[in-house]
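Reading the structure
Below, each chain spelled out in residue letters.
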Amino acid sequence: MYKGPVWASNHNCRKLVDNQRQLPDDQIKVLIERNAVIGGVFDTWMLTDNWVRGKDDPKERNVHLELIVDHYDHICQLAGNSLNVAIGSDLDGAYGKEQSPYDLEDISDLQKLNGMLKRRGYSAEDIENIFYKNWLRFLRKAWA
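Bear in mind the structure is a predicted one, so any value in this text is a computation, not a measurement. (Residues numbered from 1 in each chain as written. Predicted model: local features only at pLDDT ≥ 70, side-chain atom pairs only at ≥ 80, totals over all residues. Heavy atoms only, no water.)

Let's shift gears to the environment of Gly54. Residue position: Gly54 is located in the loop between strand E2 (37–41) and helix H2 (66–79). Along the chain, Gly54 and Glu98 lie 44 residues apart, while their C-alpha atoms are 7.7 Å from each other. (Helix = DSSP H or I, 4+ residues; strand = E, 2+ residues; numbered from the N terminus.)

Below you can see the structure in the form of structure tokens.
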């Protein structure tokens, strides 16, 4: 019923990690049609199936940053472009290193995503979209 802008700030793809909090492809497609931006999340339980909070270890479960790129790539493939996905992170202090990808030591490690996306064939413009331009475009339009 709501016809305004949609900001899906902290979601990943259910096709890659089966959890009710993740977005199924049909919902992602509707968000794409609505010009929404979906922010990919780094919390380990959203990057791997059957994560047990307080018990599982990111290194032992091989939860690394490349997994978030899988989610970004899946959304971009559904959209046919890089205009509907961005860094959502969820790195605001609600959890710590125990629930972060093992190769994410601090916020500066987000720059590693640049090389990961390049290796998958994303252009400099695509990478800028994912890093910040999609959020800026969305906000400028919503606040206009």
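From this point, the narrative continues.
Take unusual backbone geometry next. Unlike most non-glycine residues, Asn35 shows phi in positive territory, near 60°. Its place among the elements puts Asn35 in the loop between helix H1 (25–33) and E2. Backbone geometry at Asn62 places phi at a positive 60°, although glycine is not the residue there.

Here Ala79 shows up in helix H2. In this structure, Ala79 is in contact with Ile32 and Asn84, ignoring residues within four places of it in sequence. (Contact = heavy atoms within 4.5 Å.)

To continue, consider the sheet that holds E2. Strand-to-strand pairing in sheets goes through backbone hydrogen bonds, with the strands running parallel or antiparallel. Reading across the sheet, the 3 strands line up as E1-E2-E3 and stay open at both edges, with parallel pairing between neighbours. The outermost strands of the open sheet, each flanked by one partner alone, are strand E1 (7–8) and strand E3 (85–89). Where E2 meets E3, 4 bridges bridge the pair, whose relative direction is parallel. The partner of Val41 across the bridge, within E3, is Ser89. Set on the sheet, helix H4 (residues 124–142) makes contact with E1, E2 and E3; between it and E3 the angle comes to about 100°. (Pairing = 2+ DSSP bridges. Axes fitted to C-alpha atoms, helices over the stretch in contact; angles between N-to-C directions.)

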